[in-house]
Amino acid sequence: MASLKELKGRINSVKSTQKITKAKQMVAAAKLRKAQAAAEAARPYALRLASVVGSLASRVTLSEASPRLLAGTGRDQVHLLVVANSDRGLCGAFNANIVKAAKLKARDLAAEGKTVLFYLVGRKGRAPLRRDFPKAILDTFDTTGVREPGYAEAEAIAAEVLALYDAGKFDVAHLFYGKFKSALVQEPTEQQIVPVPTPTVAVTDGAVVEYEPDEETILAELLPRYLRNQIFGALLENVASEQGASMTAMDNATRNAGELIKKLTIQYNRSRQAAITTELIEIIAGAEAL
Amino acid sequence: MSLLFELVTPARLVLSENVYQVVVPGTEGEFGVLEGHAPFTTTVKDGVIRVWRTPGGAPEEFTVKGGFAEVSARGLTVLAEHVG
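Figured I'd write up the structure that's included with this text. (Residues numbered from 1 in each chain as written. Chains lettered and ligands numbered in written order. Predicted model: local features only at pLDDT ≥ 70, side-chain atom pairs only at ≥ 80, totals over all residues. Heavy atoms only, no water.)

If you tally the helices and strands in chain B, you get zero helices and eight strands. In chain B, the succession of α and β elements from N to C terminus is β-β-β-β-β-β-β-β. Rg of the C-alpha trace for chain B: 11 Å, near the compact-globule value of 12 Å for 84 residues, within the 12% margin. Viewed in the frame of its principal axes, chain B has a C-alpha envelope of about 30 × 25 × 20 Å. Of all 84 residues assigned to chain B, the portion counted as buried reaches 46%. Considering only contacts in chain B between residues 6 or more positions apart, those separated by 24 or more positions represent 43%. (Helix = DSSP H or I, 4+ residues; strand = E, 2+ residues; numbered from the N terminus. Rg over C-alpha atoms; globule rule 2.2 N^0.38 Å. Buried < 20%, exposed > 50% of the residue type's maximum accessible area, 1.4 Å probe, protein only. Contact = heavy atoms within 4.5 Å.)

Take a look at the structure:
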């Protein structure tokens, strides 16, 4: 059995681990609130943009002249998987789940004979995906420089994705991120971003709306914005999900550390008692021998 | 006599209130919107949106980039990627 001193050392080390997990849990809770507020604030723009793009797209008939972002390249061979992960760990299986979803999709596509490429956002997805698909990583986007990814990052990512699309590097793009359901549940989500899937909207009113310059031009102008906003929305969801997952994982870790401390303390007390008893027996035996 | 004017960026709702008149730099030319404007949709040039809260008052100015304006029966909504 471990000595008293060893046990004491272990108890102390678990206690300091518990302090760290508890602190991280509280930080995550505070950040989660902020992330939720940010996601809330982003909703009006996203809703309006989606409704405008949707109503415009329903008016425009697809033709040769249609914007390529809407009509696609006419092929379905090369798929780009944009995988958004977080930069930091200590958030349970959050990143692993997103990576798993992306890998599954990649395997499915590969089984259909398609070419799969990756564009990775965030630090945590790089290692596992690079291990499985060493040649398919097209590019990565670094978000470690900023505290929270915001619209500027979404713009940069969208610009790179659009540049790749214009260069004909891929035909279809999918975006992977963790959708925030609640602090306990984050759902790895896949969403097609290129060609832009047209949002379905109910036609609001029969009013005749004038378009200036014209539907096609406005649509061509709005599609990249819509894409940027989709990516922005995914980044926001990801931040909230990461904090939620982190909070849950750290709550579990704190609880486990508490249990471990309890167990170790019992063991420590037992050993201490055993040592005292042995000492007493020795003294009594000594006195009797006299 | 008021027009509901909303200025929205991806990150937040900048402004949502009833105003008298808004002048927007559309791609096809600057236009002013008062209450009861016909439904109308256009892209917006990078530039300055001027908002009059009261007739004859001093306009408040918003510099927008990557904008888009929609006039509906509800009012005027400007979606802009950046508002400075």
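This part is about a nonpolar patch on the surface. Where nonpolar side chains cluster on the molecular surface, the patch consists of Ile276, Leu280, Ile283 and Ile284 of chain A and spans about 380 Å² of accessible area. Examined against the element boundaries, Ile284 of chain A turns out to sit in helix α6 (residues 215-289). (Patch = residues over 30% accessible without salt bridge, like charges linked within 9 Å, V, L, I, M, F, W, Y side chains within 5 Å. Areas by Shrake-Rupley, 256 points an atom, 1.4 Å probe, with all protein chains shown as cover. Salt bridge = Lys/Arg side-chain N within 4 Å of Asp/Glu carboxyl O.)

What follows concerns the interface of chain A and chain B. At the junction of the two partners, chain A supplies 23 residues and chain B supplies 24 residues. Interface of chain A and chain B: buried area, both sides summed, is about 2000 Å²; carbon and sulfur atoms make up 60% of it. The largest per-residue losses of area from chain A upon contact with chain B belong to Tyr45, Arg48 and Glu212 of chain A, which jointly make up 35% of the total buried on that side. Here chain A and chain B share three salt bridges between them. For Arg225 of chain A, the salt bridge is made with Glu81 of chain B, and the minimal N-O distance between the two is 3.9 Å. Our enumeration of links across chain A and chain B arrives at eight residue pairs in polar contact (both at pLDDT 80 or more). Residue composition of the side of chain A that touches chain B, grouped by class: 15 nonpolar, one polar and seven charged. (Buried area = accessible area lost by both parts, 1.4 Å probe. Polar contact = N/O pair within 3.5 Å; in protein donor to acceptor, adjacent residues only side chain to side chain. Nonpolar A, V, L, I, M, F, W, Y, C, P; charged D, E, K, R; others polar.)

This part is about the side chain of Thr21 of chain A. Residue and element names in this part refer to chain A. Relative to the helices and strands, Thr21 resides in helix α1 (residues 4-59). A relative accessible area of 10% places Thr21 in the buried class. Polar side-chain contacts of Thr21 include one of 2.9 Å to the backbone oxygen of Gln18. Beyond its immediate stretch of four places on either side in the chain, Thr21 contacts Met250, Ala253 and Thr254.

So, about the pairing of strand β4 (residues 172-180) of chain A. Residue and element names in this part refer to chain A. The element β4 is largely enclosed, with a buried count of eight among its nine residues. Where strand β1 (residues 78-84) lies against β4, five bridges are found, and the strand directions are parallel. Note that in β4 the partner of Leu81 across the bridge is His174. Both β4 and strand β5 (residues 186-194) contribute to a ladder of eight bridges, which runs antiparallel. Bridge pairing in β5 places Leu175 opposite Gln191. What sits between the antiparallel neighbours β4 and β5 is a turn of five residues. (Pairing = 2+ DSSP bridges.)

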